[in-house]
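Residue-level structure breakdown
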Amino acid sequence: MKRSHLYTLLFLGISLLLISKVNAQYGPLYSSLRGYDSISNWRDANSAYNQKDVPRAIQILDSVETIYAAQKNFRKCYLIENEKGAMFYNTRDYAKSRTIFEKNLEQMISSGDTLHYEFAMTLRFLGYLTTGKTTTGKNKIYYIERQLALLNKMNDDSPMMVDCMGDMGLSLRGIDKDNGLDYLLKAKKMAQKQKMKIAILVLDNTITNRFAGEQPFLELQVQECLYETAERKIYRDSVALVMVAYHVGTKSKEIKEYEKAITYLDLADSLMKATNNPHKKLITKLPIEKLECYSAMGNKEQFVKAVQHAIQVFYQTTLDVKVSETGLYSSIGNNYLPFDADSSLFYLNKAYQILTLNGTLNPDSMDQDQAELLAKIYNGQANALLEKGNSEKAIVPILESIKIFTGVDDQNNPNFTCNEQDDYALIETYLIASDVFTHYLKHHADEKMLQMGLKTFYCCDTIMRRLAINISDQDAILNFAKEYKGMTENLLDIPTITSKNPEIAFHFVSKSKGYQLMADINRHVFSEKFSKEDTLWNAKNEITETLRLTQEEKKRATKIDQTELLDSLANIEKDLLVDLIVVNYRIIQNQKNLDNYFEDDNVLKIAQNMVDDSSMLVDIYQTQKKAYLFCLNKSGLTCVEIQNSEKLDILATQFYKEVKTGGDFENTAKALSNMLLNPILDKITASKTLTIIPDNVLYQIPFELLTNPKTGKILLYSHAISYHYSTSLWIKSQGKKASTTNTLLAIAPVFENAKSGTLAENFRGKYLEDPYLQKMTRENITPLPFTLLEINDLSKLFSSKGISNTKLTNNLATKESFFDQAKNYSILHIATHGYVSKTTPSNSGFFLYSNNNGIDLLNVGELFNLNTTADLVVLSACNSGVGPIYEGEGVMALPRGFIYAGVPNVMASLWKVHDAKTKELMLFFYTHLLNGNTYSQALQKAKLDCIQKGFLPLDWAGFVLIGR
C-alpha cells in the first residue's frame, strides 16, 4: 500500500506551467493579474515561441523592453524579463533562466521596488529552479516564504496567493507535514472563495494523496469524485483530468479492482494523447501499472504484451534516470512470478545489475529511493527462489532486504526492528520473510534460523496491529486481517511450534482473531483519550452522517435524473470525503503520539490470571488442513492439533442445521465431541465453566449440546459456557468490573397492529445496496405479543427485588429513546425482530420505532456511537448472534456493535427463536441472575429449567453468552 507521489509533477505552480501549453500554445502565468495584455507585441513574441523560434521571441521582447526602459516603465520591464526567464525555463535552459531571474530580482531590490506581483513571480521561478537541473543555492521553501511574506504585505487574496500557499503545503514534509496540511486547507478555502475550480481540483488531489496513506478505499472514493466533478470545458481542464484518471487507476489497483484500474489507466493515456501534452514520467509509468494489473489478474498473454510495450515506451522516452530503469525491470521481474519463476529471476537480476552498477555499488551509499528499490529486488528474488522450492537460497536475499531497513548487529544479522516510518515497505518484506522462514524450517532443524524467523513474525505482528489502529478504512483493515491470518498459519506450520512453544503460537492466534474489532475499539479508545472532549471523533461522526445523507440524496437524484442537483450533490460529497480524510489523518496522528500504543502484549499471562481454578478457556484456530485447540487454565497452556479441519467444518455445519430445524442431532453431536472434546477430556473434567473462542463455522454452534465424552450427557449438565470472538477481546471484557447493581432498561416495540404505522421516512434510501430491505414492507414486521408479556414479567421480577427498571413498549420503544436512556442502566434487554444482512454486515440490526411512529432499523454501524455503561445486553431477537463469516476476522454479527460500544457481555441468538418460549427462558435467566449467579451460570440454569419444562433444544440452545 505504499503511496505513489507522482502527483507532485503536475501540481500547483509547476502544474500551471505544464498545463499552459495548449496544443503547444504558450501562455504566461496570471496574465490578467499582472497586466500582461497591456504589453506591446506580446502576441508576436508568443507566436514565435510557439513555433519553437525562441531567439525570435526573445528578440521581440527585448525590443519592447527597450521602449519601456526609455519610458522608465520599469515594472513592465520586470514583467518582460520574467517572461524571458519563463521561456528559457520551459525550454529547459535552466542556466539562462536562472541568470535572468537573479538579475531581475537584484534590480528590483536595488531600486527598492518590490511590493508588486513581478517580484513575487521572480521568487516563484527561483523556487522552481531549486528543483530543476540547477540550483540557486537556496531551497524552495526559502523562496516560498518570501513570496508569502510579500503577498501578505500586499493583503493579497489572488490566485497567486492560493498557489503560493499550496506550494508551501506541498513542500512541507516530514515533521512539518501537519503545517503543510494547514497551508493546503487555507489555500483551498481561498480558492473556493475565488471560485478557482482548477486550483480546488489540484488542492483536493494533493490533500488526498498526501494525507490518505492509511485510507486507501476512502482515497479511491475521493479520486473518483474528483474525476466526476472536474470541469471539462477547456483544454486546461482536460490536462488536469489526466492525473486524476491516473490516480483513480492506481488506487483501484491498490485495492485489487484490476479491471477498473486498467480502464482508468487507458483513459489517462488517451487524455494525455488528446491534449498533446505528454509527461515523460507518466508515459513510462502507465504501461508498468498495467502490466502489474495483468499479472495480478493472471492474464499471461496481456501481461507479456504489456511488458514488451513498457520496455519499448521506456527506451523511446528520453529519461536518463537509473532508478527509473531499475524500477522498470524490478516491476517486470516481481510480476513475472505468477507465470515463470525463471523469467522473474532474469529481470530481477537485470534490475540488480543496473542499480548496483554490476554489483560494484555499496548499498550503504544509496539514497532512500534506491535502497527501497533494492529491497523490492531482494524480495522478488526470495519469492522466485521459494517458488522454485529453494528456501535455502531464498533466505539470503530476504535477509539482505530486512537489513536495508533495520541495519545489522555484530554478527551481521538483521536487527529486526519495526520503524514506524517504514511500515508499508517493511510489512511487505516481513510477510515474504515469514513465508521463507516457514518453508525453510519445515526442512531444516536450525535453531538460529528459528530465532530469526520468530523475530520476523513478531515484527509482522507489531506492524500489522499498528497499521490496523491507524487505518480508517474497514475494508483495508479486513485485508490486513487476512494477511495476519495467513501469517499465523505460516507460524503454525513450523514444526514443533505448538508443542514446544505453544505460548508463542497462542499470542498470534489470539491477536489474529477479532483483529478488526480489536483495532476499531483501540482506535476509538485512543482517540477519545487523546482528543480534548473528543472533538475530532465528534467531527468525524458529524462528517460521516452528513456524507451518508448526501449520498442518499445523490442516489435519489440519479434515479429521477436531476442533473443540476446531482452535480451539486457530487461536489458536496467530494468536499465531505476530503474533510473525512483530513479528520481521519488528524485522529491517526494523535494516536501515534500516545503512550501505551498497544494493550499489554503478554496475552497468555493476563488471560491465565483471569481464569479461576474451576474455569478453562479454549481458543480454537482453524487452517485449511488443521484445527488447533489452545486450552488455558490455572495449570498452564497446552495445544492439541486436530488433523482434519475440513471434516470438522462439515460436521459443524450439519450439526447447526440439525439443531436449528429441530432434527435429530445426537450422532453428529457425538462425532463433533469426539473431534473437539475428547482430546481435551481431562481438562474439561477438571473445570466447571468454559469460555469458547470458536473459529470459522464453529461460531454458529452451541457447544452446550455437544456430548460430554465422560458422562455421555450433553455438556450443559456439567458446564456453564460462554463465548467470545478472540482471547484479546475476552480479556478486555474481563477487565471491566461487573456492575454491583442490576438496573434494567427493557425495550419491546411489540408491533401488535400489523396494519398501523409505516416504515420510517427514508428507510429504503438508507439501504439502497440491500435487496431485502429494499423490498421490505410494514407487513413483514409481524407482531410479537409475547415480548410485551416478557417485558412486563421482567419488570415485575426486578420490582419485586426492589431494583430500578424502566419499560419502553409499543411506540415508546424508539431508537431515540433507546440511545437517550442506554447510558443509565446496567442491563439493556431488547425484545424485537432482528435482521442479519448477508451483503453488508453493518446493516445487521434490530427493529424499533422512530419518533414519527415509523418502523426503523437500528444497525451495527449506529451502535458504534452508542453511549452506554451497560454491563450486559440481552438481544431477545431472532438471529441476533449470527452473520457472514469473514476470513481472518470471524462472524460479523450484531453483538460486535455493542462490544465496540464498550459492553463487555452480550446474549444473542444463533437462529430464529420461538416468541413464547423465549419469554420463559428469559424469565428463568433473570431469576437465577438476581439470585446471585454469574451470567453464564444463570444462562446454564435457565436452559436446564427449559429442559425440565419439556422445551426442545431448538427453543433454548440458540441463546449464547458472548462475554464472561
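Residues numbered from 1 in each chain as written. Predicted model: local features only at pLDDT ≥ 70, side-chain atom pairs only at ≥ 80, totals over all residues. Heavy atoms only, no water.

A short note on the environment of Gln 774
Threshold: Runs of H or I in DSSP of at least four residues are treated as helices and runs of E of at least two as strands, each being numbered from the N terminus. Residue exposure (1.4 Å probe, protein chains only): buried if accessible area is under 20% of the type maximum, exposed if over 50%, otherwise partly exposed. The contact criterion used is simple: two residues touch if any of their non-hydrogen atoms lie within 4.5 Å.
Among the structural elements, Gln 774 can be located in helix α35 (residues 771-775). Here Gln 774 falls in the partly exposed class, since its relative accessible area comes to 22%. Sequence spacing of Gln 774 and Arg 764 is 10 residues, and the spatial spacing of their C-alpha atoms is 5.5 Å. If near-sequence neighbours (up to four positions away) are discounted, Gln 774 is found in contact with Arg 764, Tyr 767 and Leu 768.

Things to note about the confidence of the model for the protein
Where we set the bar: Here pLDDT means the predictor's own confidence in every residue, given as a number from 0 to 100.
Confidence in the prediction of the protein, expressed as mean pLDDT, is 86, and 91% of residues score 70 or more. Below a pLDDT of 50 lies the segment residues 1-25, which in the model reaches 75 contacts outside its immediate sequence neighbourhood of four places, other chains included. Low confidence marks residues 319-323, where pLDDT is under 50. Its contacts with residues over four positions away, or in another chain, come to 10 contacts.

Some details on helix α14 (residues 258-275)
Quick reminder: α-helices carry 3.6 residues per turn. Residues three or four places apart thus point the same way. We apply this condition: One less than the number of residues in a helix, times 1.5 Å, gives the span that helix is expected to have.
Taking 1.5 Å of rise per residue, 18 residues should cover 26 Å, and α14 covers 26 Å from first to last C-alpha, within 8% of that figure. All buried positions along α14 are accounted for by Tyr 258, Ala 261, Ile 262, Tyr 264, Leu 265, Ala 268, Leu 271, Met 272 and Thr 275. Just beyond α14, the residue with positive phi is Asn 276, at close to 55°.

Focus on the packing of helix α3 (residues 42-50) against helix α4 (residues 54-70)
The criterion, for reference: Axis lines are fitted to C-alpha atoms, over the contacting stretch for helices. Their N-to-C directions set the angle, which ranges from 0 to 180 degrees. Roughly parallel here means an angle under 35 degrees, roughly antiparallel means over 145, roughly perpendicular means 65 to 115, and every remaining angle is called oblique. For any helix crossing, the convention is left-handed if the near helix is rotated counterclockwise from the far helix by under a right angle, and right-handed if that rotation is clockwise. Think of it as three bins: nonpolar holds Ala, Val, Leu, Ile, Met, Phe, Trp, Tyr, Cys and Pro, charged holds Asp, Glu, Lys and Arg, and polar takes everything else, Gly as well.
Between α3 and α4, whose axes approach to 7 Å, the crossing angle comes to 165°. With respect to their mutual orientation, α3 and α4 come out roughly antiparallel. α3 and α4 meet at a crossing whose hand is left-handed. Contacts between α3 and α4 involve Asp 44, Ala 45, Ala 48 and Tyr 49 on the former and, on the latter, Val 54, Arg 56, Ala 57, Ile 60 and Leu 61. Here the contact of α3 with α4 is composed, by residue class, of 7 nonpolar, no polar and 2 charged.

Regarding the environment of Asn 104
Examined against the element boundaries, Asn 104 turns out to sit in helix α6 (residues 94-110). Spatially, the C-alpha atom of Asn 104 lies 8.5 Å from that of Phe 119, the residues being 15 residues apart in sequence. Not counting residues up to four positions away in its chain, the partners in contact with Asn 104 are Tyr 78, Glu 81, Asn 82 and Thr 122.

Thoughts on the pattern of salt bridges
Rule in force here: Here, a salt bridge means any side-chain nitrogen of Lys or Arg that lies within 4 Å of a carboxyl oxygen of Asp or Glu.
Evaluation of the coordinates by the stated rule reveals 49 salt bridges. The partner of Lys 305 in a salt bridge is Glu 301, and the shortest N-O contact between them spans 3.7 Å. With Lys 305 and Glu 301 both in helix α16 (residues 300-316) and 4 residues apart, this pair spans about one turn of that helix. Close ionic contact of Lys 943 with Glu 704 constitutes a salt bridge, the shortest N to O distance being 2.8 Å. Note that Lys 943 is positioned in helix α41 (residues 935-948) and Glu 704 in the loop between β4 (689-693) and β5 (720-723), a separation of 239 residues in sequence. The burial state of Lys 943 is the same as that of Glu 704; both residues are buried. When salt bridges that share partners are traced, they join Asp 62, Glu 65, Glu 81 and Lys 84 into one network.

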